[in-house]
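# Structural overview for review
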Amino acid sequence: MKAIVVNAFGGPEVLRLDDVTPGRPEAGQALVQVMAAGVNFMDTGIRRGLGQANPLPLTPGVEGAGIVVAVGPGVTEVSAGDRVAWQYVPGSYAELVVAPVNQLVPLPDDISFETAAGLMMQGLTASNLVFQVHAIQKDDLAFIHAAAGGVGLMLTQMVKLLGGKVIGRVSHADKVDAVLAAGADYVVIGRAGDIARQVERLVGEQAANVVYDGTGAEGFDESIRLLDYFGTLALYGPFMDPIAPIDIFAMPRSIKLTYPSVMHHVRSREALLTHARQLFTWVRTGRLNVSIGQRYSLAEAQQAHRDIESRRSTGKLIILPQ
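Residues numbered from 1 in each chain as written. Predicted model: local features only at pLDDT ≥ 70, side-chain atom pairs only at ≥ 80, totals over all residues. Heavy atoms only, no water.

## Considerations on the domain arrangement of the chain
In terms of domains, the chain is made up of domain 1 (2-120 + 268-320) and domain 2 (134-259). Centre-to-centre, using C-alpha coordinates, domain 1 lies 28 Å away from domain 2. In this complex, domain 1 contributes 18 residues to the contact, which on the side of domain 2 involves 16 residues. Interface area for domain 1 against domain 2, summed over the two sides, is near 1,500 Å², with a carbon-plus-sulfur share of 61%. Sorting the residues of domain 1 by area buried against domain 2 places Arg-311, Arg-312 and Thr-314 first, and these three jointly supply 35% of that buried surface. Taken together, domain 1 and domain 2 are joined by zero salt bridges. Summed over the shared surface of domain 1 and domain 2, the number is two residue pairs in polar contact (both at pLDDT 80 or more). (Domains from an automatic or database assignment. Contact = heavy atoms within 4.5 Å. Buried area = accessible area lost by both parts, 1.4 Å probe. Salt bridge = Lys/Arg side-chain N within 4 Å of Asp/Glu carboxyl O. Polar contact = N/O pair within 3.5 Å; in protein donor to acceptor, adjacent residues only side chain to side chain.)

In structure tokens form, the structure reads like this:
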């Protein structure tokens, strides 16, 4: 089979298309034909060897959707021919992947593989942020950094579904329309340190009940400034610009600061199925839209990583291995 292989950590150029022998599913596993794989910032960190580096060689990608080809001994949760989706199965930049069945979610026939691959990781991340990290209440004001990205567009839609108001920040004017289409009440343009005055002109002295920030150090100080008393700063994702150590005694007001993991949101199969079904229901009823920004072949994986790291992309980037 064809797969992207990383033999040395580094830039996008280390992503190489190669022939690889597919694995065989063992007990608790299934072999899945990957029809679409999501591109995430997590993948770029794995490629660069950040955090807890994975052993080399490796195949990046953790999110996707496809068709079960075979199952291991004793597996009853899925069968050959089933349509499935997943938010965390390492090795998803490939034509085939061996997946733990407890990570596979049945995919309804009326949701495409591309939509599912654009929904699972970022949809569940947003679900965690609006339900558990800060339970959005009617008329809550949410400020969303990088609002035109995959998570940002999901967050914008979900906050509005739950009755909140949204101010989205984008880096360039050509991203404004996408954020407004997702339901944002206001959009500000510029780097994080330049937008406090824009926000004040829009909403006066009203402060945000929650700030969702996946930018890291770039947005941190401004996020603190934008928050109301006892507001929540929800940091998420692998930061390209890490935050310096925080002096909690230097905080200007009482706030809640959190860096939640989506894996804790779906730490049981029951929770994974429940939250995934909610996402599928919203998509099927037209209440949640998955915006696909760009599609790539496996051979174009390097370009996919260049595009997501440029922060000029809008919506979800996906790889189509077939």
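Next comes the rest of the account.
## Considering the nonpolar core
Judged by nonpolar contacts, the single largest core of 53 residues is most densely connected at Leu-107, Leu-119, Leu-155, Val-179, Tyr-212, Phe-280 and Leu-288. Of all the secondary structure elements, the ones that give two or more residues to this core are α2 (113-133), β8 (141-144), α3 (150-161), β9 (165-170), α4 (176-181), β11 (208-213) and α8 (269-284). No other element matches the 11 residues that α2 contributes to this core. Domain assignment of the residues forming this core places at least three in each of domain 1 (2-120 + 268-320) and domain 2 (134-259). (Core = buried A, V, L, I, M, F, W, Y, C linked by side-chain atoms within 4.5 Å. Buried < 20%, exposed > 50% of the residue type's maximum accessible area, 1.4 Å probe, protein only. Helix = DSSP H or I, 4+ residues; strand = E, 2+ residues; numbered from the N terminus.)

## So, the sheet that holds β8
A sheet is described by the order of its strands in space; here six strands give the open sequence β10-β9-β8-β11-β12-β13, paired in parallel fashion. Of all strands in the sheet, those with a lone pairing partner are β10 (186-189) and β13 (256-258), marking the two edges. If you compare each strand with its neighbour and ignore which way they point, the axes differ by 15 degrees on average. Pairing analysis gives four bridges linking β8 to β9, with the strands arranged parallel. The partner of Ala-142 across the bridge, within β9, is Val-166. Taken strand by strand, helix α5 (residues 196-203) contacts β8, β9 and β10, and its axis lies near 155 degrees from that of β10. (Pairing = 2+ DSSP bridges. Axes fitted to C-alpha atoms, helices over the stretch in contact; angles between N-to-C directions.)

## Description of the packing of aromatic side chains
If you walk through the whole model with that rule in mind, you get one aromatic pair. Relative to Trp-282, the ring of Phe-131 lies with its centre 6.2 Å away and its plane at 20 degrees, an arrangement referred to as stacked. A residue pair is termed long-range when its members are at least 10 positions apart, and Phe-131 in helix α2 and Trp-282 in helix α8 qualify at 151 residues. Phe-131 gets classed as partly exposed once you look at its relative accessible area, which sits at 33%. Accessibility expressed as a relative area gives 5% for Trp-282, which makes it buried. One cation-aromatic arrangement involves Arg-83 over Phe-113; the distance from NZ or CZ to the ring centre is 4.4 Å. It is Arg-253 that lies over the ring of Tyr-229; its NZ or CZ is 5.8 Å from the centre. (Phe/Tyr/Trp six-rings, centres within 6.5 Å; stacked < 30°, edge-to-face > 60°. Lys NZ or Arg CZ within 6 Å of the ring centre and 35° of its normal.)

## Observations concerning the environment of Met-158
Residue placement: Met-158 occurs in helix α3. Along the primary structure Met-158 and Phe-131 are separated by 27 residues, whereas in three dimensions their C-alpha atoms are 9.5 Å apart. Apart from the residues within four sequence positions on either side, Met-158 is in contact with Gly-123, Ala-126, Ser-127, Val-130, Leu-279, Trp-282 and Leu-288.

## Focus on unusual backbone geometry
Here Leu-56 and Pro-57 are connected by a cis peptide whose omega angle stands at -5 degrees. Tracing the backbone shows Pro-57 in the loop between α1 (41-48) and β4 (63-71). One non-glycine residue, Ala-146, lies in positive phi territory at about 50 degrees. Looking at where Ala-146 falls in the secondary structure, it is placed in the loop between β8 and α3. Residues other than glycine seldom take positive phi values, yet Phe-230 does so here, at roughly 60 degrees.

## Examining the packing of α2 against α8
Relative orientation of the contacting elements α2 and α8 amounts to 110 degrees, with a least axis distance of 10 Å. Classed by the angle they form, the pair α2 and α8 counts as roughly perpendicular. Handedness of the α2/α8 crossing: right-handed. Of the residues in α8, those touching α2 at Thr-115, Leu-119, Met-120, Gly-123, Leu-124, Ser-127 and Phe-131 are Leu-272, His-275, Ala-276, Leu-279, Phe-280, Trp-282 and Val-283. (Parallel < 35°, antiparallel > 145°, perpendicular 65-115°, else oblique. Left-handed = near helix turned anticlockwise from the far one by under 90°.)

## Some remarks on α5
Taken as a whole, α5 has its buried residues at Ala-196, Val-199 and Val-203. Buried residues along α5 cover an arc of 60 degrees about the axis, so they all sit on one side. Turned more than 90 degrees away from the buried face of α5, the exposed residues are Arg-197 and Arg-201. For α5, the elements touching its buried residues are β8, β9, β10 and α6 (217-226). (Arc of directions from axis to C-beta.)

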